[in-house]
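Here are the chains, one letter per residue:
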Amino acid sequence: MLRLLESRDSVQVAELSELFSVSEVTVRSDLGELARQGLVARVRGGVRALQHGQSEVGFDLRLRLEVERKRAIARAAARLVGEGEAVTLDASTTAYYLALELRSKRELVVVTNGLLVATVLADAPGISVLVTGGMLRLSAMSLVGDLGTEVLRATRINKGFLGARGLSIERGLMDLNPDEVRIKQEMADACEQIYGIFDATKWHRSALLSFVAVEQLAGIVTDSGAPEAEVETWRAAGVDVITADPGPREPPPVRPRNLRRAVRNDAQVG
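Presented here is an overview of the structure given in this document. (Residues numbered from 1 in each chain as written. Predicted model: local features only at pLDDT ≥ 70, side-chain atom pairs only at ≥ 80, totals over all residues. Heavy atoms only, no water.)

Focus on the packing of aromatic side chains
Centre-to-centre distance and the angle between the planes together describe a pair of aromatic rings. Tallying each qualifying case throughout the model produces 4 aromatic pairs. The interplanar angle of 90 degrees and the centroid separation of 6.0 Å between the aromatic rings of Tyr 96 and Tyr 97 together place this pair among those described as edge-to-face. Grouping residues by exposure puts Tyr 96 and Tyr 97 together as buried. Aromatic rings pair up to connect Phe 198, Trp 203 and Trp 234 into one cluster. Directly above the ring of Phe 211 sits Lys 184, whose terminal nitrogen or CZ lies 5.1 Å from the centroid. (Phe/Tyr/Trp six-rings, centres within 6.5 Å; stacked < 30°, edge-to-face > 60°. Buried < 20%, exposed > 50% of the residue type's maximum accessible area, 1.4 Å probe, protein only. Lys NZ or Arg CZ within 6 Å of the ring centre and 35° of its normal.)

Listed below in structure tokens is the structure:
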């Protein structure tokens, strides 16, 4: 159900009942549990993503999707990072998993616009974290805007690791939100090498805006479910595509503190 909402605004009870071959009573019970966990919003006849009217699902929901794929990608991407380097991570969930893998590195500088990415690395010995600053986007727990771009324009970074909502050989890597796209473009411009990090489900998608052209990419780190023909097309265009095999099913990491809920609670107390 969560995977469906990752690419759609809403789903209906009847549709889910047919898709999963279970009764509508069972579907309603499961949807009620997801709503109680704050992952979806109930609407008449079904549920919708919390950011209604957008094709973007909240960070905490996306973190639970394709966990094995993202962890495999993160492990492969971490092997590209040498100790003593400066790297930038965006606010994507795959970057969150990569941050977990980077905790064992030493003498590393990480530049990020993702608050939860920064939180993962905050107490890691030997890692310095630079948060770009800017306006908070609550749905992604990211910082965007002119303050962030000013920091990035004054910074030189060895490698950048950026998530994407879609890609094409004509348009490069793409995302949905204009503010996120702008900060990703600034990250890319500050980097000597740029890597896309995203799971196989993104290979069949498009998105509104491009942020990195094919010729700018040093490589893509994805999982082995990526379509082979498209992978070869990107390799022929000079992009090093690394495919990682997902391991056995793993639980999501300890869920990051729900900062959206904390903000609301603090406001109520105040």
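There's plenty left to go through after this.
Examining the sheet that holds strand E1 (residues 10-12)
The strand order across the open sheet formed by 3 strands is E1-E3-E2, and the pairing between neighbours is antiparallel. The open sheet is flanked by E1 and strand E2 (41-43), the only strands paired with a single partner. Shown here is a sheet whose adjacent strand axes are inclined to one another by a mean of 25 degrees, direction ignored. Across 3 bridges, E2 lies against strand E3 (residues 46-48) in antiparallel orientation. Residue pairing in the sheet places Ala 41 in a bridge with Arg 48 of E3. (Pairing = 2+ DSSP bridges. Helix = DSSP H or I, 4+ residues; strand = E, 2+ residues; numbered from the N terminus. Axes fitted to C-alpha atoms, helices over the stretch in contact; angles between N-to-C directions.)

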